[in-house]
Each structure stands twice: as structure tokens, then as C-alpha cells.
Amino acid sequence: MRIGELARRTGVSTRVLRYYEQRGLLCAQRDANGYRRYDDEESVETVGRIRELLATGLNTDDIRALLPCAQGGPGLNPCAFSCGIVERQMAQLDAEMAELARRRAALGAYAQVMRERRAQDEALAARALRSA
């Protein structure tokens, strides 16, 4: 199948499919005229798997390494290699969530101080108006 047909069947743009090929995630054969040719069902399945793995936050380097572990049905073959990549990604997400929680708490402290100062300013302004 040609790139336009693969794009139509997967809902992914031809530009993205070329990017996947450039990153080594998707393989295409070339016709004599230079047009890309993809294996029918295998390429559709591969693009779907790439999209699933991208949705988990994995980068294309990790996905390229994991794709051989993702053949033959849903999920990944649970080898030490694939488990290591997934565990590393989960640890990174945990660290990012902790950092976001820390930043939110710091921002919340600033917001509380601002609310208190605003209330003080409004109270001073109200007293000044009453005494005037």
C-alpha cells in the first residue's frame, strides 16, 4: 500500500508517517519510481502500536527499541529490557508529578500571601474612606 492509503487507514498524516520512517519506527519499500510501499496489515498495526506507545509518553528512541517487543498482539513481551524501559518511564513520571506538586504548593503559598495582602489593603482603604 502507498503512503496515502496508510495515512487514510490509520488516521495519521503522511508527514507523520515519513517522520516515523525517518526515526526508524516504520519501514517502507521503494518502488522503481521512488514511491513508498508499506506492508498492508503489518504497517497498520505498527502505526497503531507507535501511537499507543507515544500516548504513554515514551520518546521515539524508546519506542524504536520496544517495537520488536510489541509484535503479536496487545501489550509488550515482558522481557527485562521492555520492563526496564517501562519502569524507567514510570519513575520519570513520578518525579515529574512530585516536582509539579512542589511547584503547585509554592505557587499556592504565593497566592495565599497575595490574598492576605489584598484583604489588608482593602481594609486600610475602607478605614481611610470612613475617616475622611
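Predicted model, so just to flag it, every value in this text is computed and none were measured.

Participant: Is there a simple way to think about the UniProt feature "domain: HTH merR-type" (unreviewed entry) in the protein chain in this case?
Facilitator: As annotated in UniProt, the feature "domain: HTH merR-type" (unreviewed entry) corresponds to residues 1-69 in the numbering used here. Between the end C-alpha atoms of residues 1-69 the distance is 24 Å, and the span holds 58% helix and 6% strand.

Participant: Looking at this structure, I do not really get the packing of aromatic side chains. What am I missing?
Facilitator: Here the distance between the centres and the angle between the planes together describe a pair of aromatic rings. Summed over the entire model, instances satisfying the criterion amount to one aromatic pair. Look at Y19 and Y20: their rings are 6.5 Å apart centre to centre, the planes differ by 55°, and that puts the pair in the tilted class.

Participant: Could you clarify how one ought to interpret the environment of R127 in this entry?
Facilitator: Examined against the element boundaries, R127 turns out to sit in helix α5 (residues 80-131). Using a relative accessible area of 46% as the deciding quantity, one classes R127 as partly exposed. Sequence-wise, R127 and Q92 are 35 residues apart; in three dimensions their C-alpha atoms are separated by 53 Å.

Participant: In this structure, what is going on with α5? I would like to understand it.
Facilitator: The periodicity of an α-helix, 3.6 residues per turn, causes residues three or four places apart in sequence to face the same way. With 52 residues, α5 extends 76 Å from end C-alpha to end C-alpha; this agrees with the ideal 76 Å at 1.5 Å per step. Buried residues of α5: S82, I85 and Q89, and no others.

Participant: Looking at this structure, how should I read the domain arrangement of the protein chain?
Facilitator: For an interface, size is often stated in terms of accessible area lost upon the parts coming together. Once the domains are mapped, the protein chain shows domain 1 (1-77) and domain 2 (78-131). Summarising the inter-unit geometry, the C-alpha centres of domain 1 and domain 2 are found 39 Å apart. Counting residues at the interface gives nine residues for domain 1 and nine residues for domain 2. Summed over both partners, the interface of domain 1 with domain 2 comes to about 690 Å²; 67% of that surface belongs to carbon and sulfur atoms. Of all residues in domain 1, the largest losses of buried area upon contact with domain 2 belong to D62, L66 and N77, amounting jointly to 48% of the total for that side. Seen at the junction of domain 1 and domain 2, the total is one salt bridge. For D62, the salt bridge identified is with R88, shortest N-O distance 2.9 Å.

Participant: Is there a simple way to explain the nonpolar core in this structure?
Facilitator: Soluble globular proteins tend to bury their nonpolar side chains together. By size, the foremost hydrophobic cluster in this structure holds 20 residues, and its most contacted members are L6, L17, Y20, L26, Y38, V47 and I63. Where this core is concerned, the elements lending two or more residues are α1 (3-10), α2 (14-22), α3 (40-55) and α4 (60-66). Per-element tally for this core: the top contributor is α3, with four residues. With residues near it in sequence (within four places) discarded, Y20 still touches V12, L25, L26, V47, I50, R51 and L54.

Participant: Is there a simple way to explain the pattern of salt bridges in this structure?
Facilitator: When the charged atoms of two side chains lie near each other, side chains of opposite charge can form a pair. Within the structure shown, the criterion is met by ten salt bridges. E41 is the partner of R9 in a salt bridge, and the nearest nitrogen-oxygen pair spans 2.4 Å. Placement of R9 in helix α1 and of E41 in helix α3 is noted, with a sequence separation of 32 residues between them. On the accessibility criterion, R9 (33% relative accessible area) is partly exposed. For E41, a relative accessible area of 51% puts it in the exposed group. A salt bridge links E122 to R118; the nearest nitrogen and oxygen atoms lie 3.2 Å apart. Of this pair, E122 and R118 both sit in helix α5, four residues apart, which is roughly one turn of the helix. On the accessibility criterion, E122 (46% relative accessible area) is partly exposed. One continuous salt-bridge network, built from bridges that share partners, spans R23, D61 and R64.

About the thresholds
- Residues numbered from 1 in each chain as written.
- Predicted model: local features only at pLDDT ≥ 70, side-chain atom pairs only at ≥ 80, totals over all residues.
- Heavy atoms only, no water.
- UniProt positions renumbered as here; feature names shortened; annotations may be inferred.
- Helix = DSSP H or I, 4+ residues; strand = E, 2+ residues; numbered from the N terminus.
- Phe/Tyr/Trp six-rings, centres within 6.5 Å; stacked < 30°, edge-to-face > 60°.
- Buried < 20%, exposed > 50% of the residue type's maximum accessible area, 1.4 Å probe, protein only.
- Expected span 1.5 Å × (residues − 1).
- Domains from an automatic or database assignment.
- Contact = heavy atoms within 4.5 Å.
- Buried area = accessible area lost by both parts, 1.4 Å probe.
- Salt bridge = Lys/Arg side-chain N within 4 Å of Asp/Glu carboxyl O.
- Core = buried A, V, L, I, M, F, W, Y, C linked by side-chain atoms within 4.5 Å.

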